[in-house]
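Structure assessment
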Amino acid sequence: MDVELLEIRQHMGRFPPFDGLSDDLLDAIAEQVEVSYFKTGSHILVLNEMLEELCYIRSGAVEVYRSQGELYNRLGEGDIFGHFSLLRNHKVRFPAQAIEDTLIYFIPKAVFQRLCEEDDHFADFVELERPRLETAAEQQKKSNEMMVTRIRKLLTRYPVMVEASTSLQLAAQQMSEAQASALLVLKEGSDNPRYSFKDSEGQAWQMCGILTDHDFRTRVVAEGLSSQTPVSEVVSSRLITIQSDASVYEAMLTMLRSNVHHLPVLYRQRPVGVVHLSDIIRYETHSGLYLVTNIFNQPSIQGLARLAPDVRAAFVRMVQEDANSQMVGSALSTIGRSFTRRLLEMAEEELGPPPVPYCFMVNGSMARNEQSIVTDQDNALILSDDFDPEQHDDYFYALAKIVSDGLDACGYTYCKGDVMATNSQWRQPLSVWKGYFLDWMANPTPERLLHSSIFFDLDSCYGEDIYVEILQDLIAQTAPQSPLFLAAMARNALNRTPPLGFFRTFVMEQDGKHNNSINLKRRGTAPMVDLVRIHALACGSKAQNSFQRLNDISKTQLLANGMSDKLSYAFEFLCMSRVRHHMIDLQEDRLPDNNIEPENVADSERHTLKDAFQVLSNAQKFLKYRYPMPAQRSGR
Amino acid sequence: MYGIRPRQKITQTDWAGYMAQRARRAGSQAIQQFYDTPLPDPETPISEVPMVALDMETTGLDERRHAIVSIGIVPFTLHRIKLAERRYWVVNPSRPLDEASITYHHITHSEIAQAPDLEAILDELLVQLAGHLVVVHFRNIERPFLDAAVKARRGEGVLFPMIDTMSLEARLHRQTLWARFRRWLGRPPVSIRLHASRERYGLPAYQGHHALVDALATAELLQAQIATHYRPDTPLKDIWC
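Computed from a prediction, not measured in an experiment: that's the story for all the values here.

With that out of the way, let us pick up the overall build of chain B. A tally of regular secondary structure across chain B gives ten helices and six strands. Look at the contacts in chain B between residues 6 or more apart in sequence, and 68% of them connect residues 24 or more apart. Carbon and sulfur atoms make up 53% of the accessible area of chain B, which totals about 11400 Å².

It is a general feature of regular strands that their side chains alternate between the two faces of the sheet. All names here are of chain A. Of all five residues in strand β17 (residues 379–383), five are buried; the element is thus mostly enclosed. Sheet analysis places strand β16 (residues 358–363) next to β17, joined by five bridges and oriented antiparallel. Counted as the bridge partner of F360 is L381 from β17. Bridge analysis of β17 against strand β18 (residues 427–429) gives three bridges, and the strand direction is parallel. If you follow I382 over to β18, its bridge partner there is Q428. Crossover β17 to β18 through helix α17 (residues 389–409) is right-handed.

Our focus in this paragraph is the domain arrangement of chain A. Domains assigned within chain A are domain 1 (3–127), domain 2 (154–284), domain 3 (286–481) and domain 4 (482–626). Distance between the C-alpha centres of domain 1 of chain A and domain 3 of chain A: 51 Å.

Residues and elements named next belong to chain A. Of note, the amide linkage connecting P16 to P17 takes the cis form, showing an omega dihedral of 0°. With respect to the helices and strands, the residue P17 is situated in the loop between α1 (6–12) and α2 (23–32). Even without being a glycine, N48 presents a positive backbone phi close to 70°. Relative to the elements of secondary structure, N48 occurs in the loop between β2 (43–45) and β3 (53–59).

Let us look at the pattern of salt bridges. Close approach of charged atoms allows side chains of opposite charge to pair. Residues and elements named next belong to chain A. Across all of its chains, the model carries 41 salt bridges over all chains by this definition. When the shortest N-O distance is used, the salt bridge between R496 and D530 registers 3.0 Å. Highlighted residues: R496 in the loop between α21 (483–493) and β20 (501–503) and D530 in helix α22 (residues 520–538), separated in sequence by 34 residues. Under the relative-accessibility criterion, D530 is labelled buried at 13%.

The next thing to look at is the pairing of strand β12 (residues 204–212) of chain A. Residue and element names in this part refer to chain A. Within β12, eight of the nine residues are buried, which leaves the element mostly enclosed by the surrounding structure. Where strand β10 (residues 182–188) lies against β12, seven bridges are found, and the strand directions are antiparallel. Opposite K187, over in β12, you have Q206 as the bridge partner. Of the pairings in the sheet, the one linking strand β11 (residues 196–198) to β12 comprises three bridges and is antiparallel in character. The residue of β12 that forms the bridge with F197 is W205.

To continue, consider the sheet that holds strand β22 (residues 514–515) of chain A. Strands pair in a sheet through their backbones, by hydrogen bonds, and they do so in one of two ways: parallel or antiparallel. Residue and element names in this part refer to chain A. Read from one edge to the other, the open sheet built from three strands follows the order β20-β21-β22, with strand pairing classed as antiparallel. In the strand order of this sheet, the two ends are held by β20 and β22, each with one partner. Examined bridge by bridge, strand β21 (residues 506–508) and β22 share two bridges and lie antiparallel to one another. In the strand pairing of β22, M508 is matched with H514.

With that settled, consider the nonpolar core. With 116 residues, the main nonpolar core has A:F18, A:F81 and B:I163 as its most contacted residues. In terms of residue count, the dominant contributor to this core is helix α10 (residues 211–229) of chain B (ten residues). Once residues lying within four places of it in the same chain are set aside, the contact partners of A:F81 are A:I44, A:L45, A:L54, A:C55, A:I57, A:V62, A:V64, A:L75, A:A96 and A:I104. Of all hydrophobic cores here, the second largest spans 68 residues; its members include A:L263, A:A331, A:Y395 and A:I402.

Right, let's get into helix α15 (residues 325–351) of chain A. Residues and elements named next belong to chain A. Compared with an ideal rise of 1.5 Å per residue, which puts 27 residues at 39 Å, α15 spans 38 Å between its outermost C-alpha atoms and is within 8% of the ideal. For α15, the buried fraction is high: 22 of the 27 residues fall into the buried class. Structurally, the start of α15 carries an N-cap: the backbone nitrogen of Q326 is 3.1 Å from a side-chain oxygen of N324. With its phi angle positive at about 90°, G352 sits one or two positions after the end of α15.

Our next topic: the interface of chain B and chain A. Taken together, the contacts link 25 residues of chain B with 22 residues of chain A. Here chain B meets chain A over a buried area of about 1900 Å², counting both sides, of which 54% is carbon and sulfur. With a closest N to O distance of 2.3 Å, A:E53 and B:R80 form a salt bridge. The interface formed by chain B and chain A contains ten residue pairs in polar contact (both at pLDDT 80 or more). Elements with a minimum of two residues in the side of chain B that touches chain A: β3 (81–82) and α10 of chain B. Top element by residues in the side of chain B that touches chain A is α10(B). It accounts for eight residues. For the side of chain B that touches chain A, the residue count by class is 15 nonpolar, six polar and four charged. With two bridges connecting them, strand β1 (residues 34–38) of chain A and β3(B) associate as antiparallel partners. The residue of β3(B) that forms the bridge with A:V35 is B:I81.

The next thing to look at is the environment of B:A30. Residues and elements named next belong to chain B. One can find A30 in helix α2 (residues 29–36). Judged by relative accessible area, A30 falls into the buried class, the value being 14%. The spatial distance from the C-alpha of A30 to the C-alpha of T59 is 26 Å, given a sequence separation of 29 residues. With residues up to four places along the chain from it excluded, the contact list for A30 reads D123, L126 and R154.

Turning our eyes to something else, we now look at a nonpolar patch on the surface. A cluster of nonpolar side chains, namely B:W178, B:F181, B:W184 and B:L185, defines an oily patch on the protein surface of about 540 Å² accessible area. If you trace the backbone, B:W184 turns up in helix α8 (residues 177–184).

Geometrically, a pair of aromatic rings is defined through the distance of the ring centres and the angle of the planes. Applying the stated criterion across every chain yields a total of 32 aromatic pairs over all chains. Ring centres of A:Y72 and A:F94 lie 4.7 Å apart, and the angle between their planes is 50°; on these two criteria the pair is classed as tilted. Of the two residues, A:Y72 is situated in strand β5 (residues 71–75) and A:F94 in the loop between α3 (83–87) and β7 (96–98); the sequence distance between them amounts to 22 residues. With respect to burial, A:Y72 and A:F94 carry one shared label: buried. Here the aromatic rings of B:F34 and B:Y35 are separated by 5.2 Å at their centres, their planes lie at 70°, and the arrangement is edge-to-face.

All right, on to the state of the cysteines then. Residues and elements named next belong to chain A. One pass over the full model with this rule turns up zero disulfides over all chains. With no disulfide of its own, C359 lies closest to C461 among cysteine sulfurs, the gap being 8.4 Å. C539 carries a free sulfur, and the closest cysteine sulfur to it, the one in C575, is 19 Å from it. You can call C539 partly exposed: its relative accessible area is 24%.

This part takes up the packing of α2(B) against helix α5 (residues 118–129) of chain B. Residue and element names in this part refer to chain B. Interhelical geometry of α2 versus α5 gives an angle of 5° and a closest axis separation of 9 Å. Taken together, the axes of α2 and α5 are roughly parallel relative to one another. Mapping the contact onto sequence places A30, I31 and F34 in α2 and D123, L126 and L129 in α5. Split into classes, the residues belonging to the contact of α2 with α5 amount to five nonpolar, no polar and one charged.

Another point: the environment of A:S554. Residue and element names in this part refer to chain A. Relative to the helices and strands, S554 is located in helix α23 (residues 546–554). Given a relative accessible area of 39%, S554 falls into the partly exposed group. Each C-alpha atom, one on S554 and one on H535, is 10.0 Å from the other, the two residues being 19 residues apart in sequence.

The rules behind the values
Residues numbered from 1 in each chain as written. Chains lettered and ligands numbered in written order. Predicted model: local features only at pLDDT ≥ 70, side-chain atom pairs only at ≥ 80, totals over all residues. Heavy atoms only, no water. Helix = DSSP H or I, 4+ residues; strand = E, 2+ residues; numbered from the N terminus. Contact = heavy atoms within 4.5 Å. Areas by Shrake-Rupley, 256 points an atom, 1.4 Å probe, with all protein chains shown as cover. Buried < 20%, exposed > 50% of the residue type's maximum accessible area, 1.4 Å probe, protein only. Pairing = 2+ DSSP bridges. Right-handed = clockwise from strand over helix to strand, strands pointing away. Domains from an automatic or database assignment. Salt bridge = Lys/Arg side-chain N within 4 Å of Asp/Glu carboxyl O. Core = buried A, V, L, I, M, F, W, Y, C linked by side-chain atoms within 4.5 Å. Expected span 1.5 Å × (residues − 1). Polar contact = N/O pair within 3.5 Å; in protein donor to acceptor, adjacent residues only side chain to side chain. Buried area = accessible area lost by both parts, 1.4 Å probe. Nonpolar A, V, L, I, M, F, W, Y, C, P; charged D, E, K, R; others polar. Patch = residues over 30% accessible without salt bridge, like charges linked within 9 Å, V, L, I, M, F, W, Y side chains within 5 Å. Phe/Tyr/Trp six-rings, centres within 6.5 Å; stacked < 30°, edge-to-face > 60°. Disulfide = S-S within 2.5 Å. Axes fitted to C-alpha atoms, helices over the stretch in contact; angles between N-to-C directions. Parallel < 35°, antiparallel > 145°, perpendicular 65-115°, else oblique.

And the structure:
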């Protein structure tokens with residue numbers, strides 16, 4: 001290597017995508033660069049001129065514009081531009097102008113092409129937004145075992161299965177012989193297609209339930225049943241199953257959500273095994289499982305509050321082990337729900353059984369299973385229509401108060417918008433809730449919806465799940481037919497926009513202004529959630545999780561092909577960035593917040609974040625076209 | 001620039017005539033070819049002039065006692081500096097190298113021991129320079145050293161017009177009314193050395209004292225000077241000397 005070129009290659013070697021290049025390739029670039037100086041204000045690339053080189057900023061600053069003249073990006077030392085045009089027809093699509101006195105190194109096309117061919121990382125970097133986001137998102141996914149290991153890997157034998165007419169005694173004997181802690185109960189026929197299958201002789205069977213050691217204790221012995229009773233009489237009809245190709249992680253979450261310890265594993269409709277919680281614990285010892293078990297074992301609110309550091313520790317561990325945002329989000333939501341459930345159990349112990357049935361509803365991030373470590377509480381009570389305020393409201397207010405105060409003590413701060421069951425407006429019977437939702441959708445104004453959009457992320461946490469399901473059905477039926485509602489929601493979703501990107505140690509806004517830091521929730525994840533929610537409402541999806549919503553949206557014609565994938569990758573990256581910055585805050589003993597400072601953003605993260613902001617910004621612009629405000633009737 | 005002896009000032013009003021005359025009288029073929037290759041007309045806009053940035057590292061500042069150690073050249077135009085066409089030679093000065101200059105240029109005894117005499121590369125150098133306007137930072141090193149070294153080997157020297165980025169800086173910072181006023185006030189003069197001059201145009205700091213890096217740095221500086229204080233159609237005669 002010529003020493004005189006050291007200057008150039010050392011400089012390039014500090015910046016992506018050159019930082020990952022081999023020395024040989026770096027030398028090849030330094031050998032071939034051409035150099036030119038551009039005075040402030042002079043044009044470096046002019047629209048539609050032929051471009052034969054990649055531009056590298058050695059010093060100074062450059063603004064890149066869209067063909068309509070709108071600011072696309074502001075770049076500084078070590079940044080590149082011109083690659084979009086080089087990858088296409090070699091005509092300049094994004095003109096560039098020096099905004100400071102600038103020295104550019106031009107890398108000839110032939111060298112650029114060689115770099116793309118010989119270095120995958122370089123090729124990924126210079127491709128358009130999607131591949132980079134996709135790669136970033138997929139790398140995170142691949143690196144996590146639990147996410148990719150399928151539950152069937154944990155199965156060691158076929159399930160013990162008996163016919164419904166088998167006596168309890170015979171069933172118990174079979175379990176003992178097989179040393180199994182659960183058996184599956186089958187009956188002939190196929191009236192429940194979800195669980196029907198044919199055996200090797202062509203006989204049609206269907207699974208009608210599961211019987212566990214625990215059931216033998218509570219439902220057989222404790223009830224004093226005869227050992228000759230057929231199993232069909234005690235079998236639990238609440239059947240929660242999982243497909244054999246689901247991940248270990250999904251299996252774990254299913255158990256936690258449904259609070260079951262055994263999970264029949266199906267290949268299509270055929271049972272192929274039963275996993276027990278301990279199988280998963282054995283597989284993945286560092287999980288949030290211990291924590292959740294611990295939550296349910298706490299006798300007091302003080303005990304629960306003492307678990308807060310454990311939640312943070314579990315979070316840090318998860319992030320360090322390269323969990324992706326969905327894992328982190330659902331694990332934290334599961335933990336949050338567990339706190340809530342335990343508090344409700346405590347409240348019922350203290351206040352006695354509820355006078356009428358109720359459902360404790362969670363909203364916002366907990367409903368979407370996208371909770372982060374920095375979170376407040378959003379919840380409400382849906383009461384039975386038998387609710388009589390005179391008689392019953394004292395009970396439910398007290399219940400809500402215990403839960404709300406308890407959550408606050410455990411680190412889930414009170415909701416600033418007062419979206420809590422302690423607010424009498426949000427402690428109402430089902431019929432009133434139906435009325436709320438119908439009214440929001442029938443008579444929407446952006447102002448009214450500003451504070452109620454949070455209710456359109458809703459899930460049951462405890463009690464009568466069916467109440468929330470009824471509301472979810474109502475929304476899914478009504479929203480797609482309510483253009484005014486969608487338009488008002490869309491208008492609100494545009495209140496918060498992403499920045500354009502970063503420039504040196506600043507956050508750069510769309511209009512080119514600088515800020516010192518950025519709230520990644522307000523400017524990234526939250527607008528993305530808003531946007532996804534609107535499309536989900538428009539297509540009648542009942543999913544609450546943004547990724548699942550995007551999945552539902554992708555099956556419709558609402559968005560251009562591939563757009564929902566792009567949004568998924570962008571969302572994943574925004575969430576992970578936020579999660580990583582929370583972790584850094586925790587590790588450095590700071591109170592985690594949603595602000596990130598550009599100087600703490602690594603170079604490669606900057607580029608990917610910029611891409612994610614871009615995807616979001618484009619999707620927001622599309623929202624305006626897709627859900628226009630129906631024309632106002634004018635006087636003329 | 002303490003330590004440089006005062007020299008006869010070379011001012012040519014008619015470089016073309018001078019070059020034609022030298023071509024007629026040249027003894028060496030290489031030198032004849034060099035002078036036979038026409039230079040751009042003095043009226044040519046600077047944006048159309050083919051140039052070559054030249055820098056030398058020497059064992060000292062006096063061409064009678066010191067010698068050339070390395071030469072770097074980079075062809076360029078106002079539009080582009082062609083780094084791929086760069087050339088760099090280390091040559092044997094045939095004169096003792098003092099330790100101070102070794103640390104200064106990072107060129108060692110062994111490198112020099114293996115290097116050829118300037119004679120061996122001279123023809124090649126002259127071919128590279130022919131037809132280009134040579135650009136240096138501080139012509140009072142490159143011009144006399146090259147002239148003396150060629151004269152010692154071929155019996156005739158080489159003189160040709162140059163653009164001197166340092167003298168362009170001097171015009172701006174040493175010869176204006178404002179500069180004289182500053183001097184009258186007793187303020188230190190603005191530095192017109194290569195590094196300091198580049199800094200004023202926002203050019204990056206390069207590791208100096210390598211003939212090729214300095215040649216590149218000089219080419220960039222000229223681009224910056226023209227972009228800032230002149231125009232692409234400024235005629236060559238306003239800039240060269």
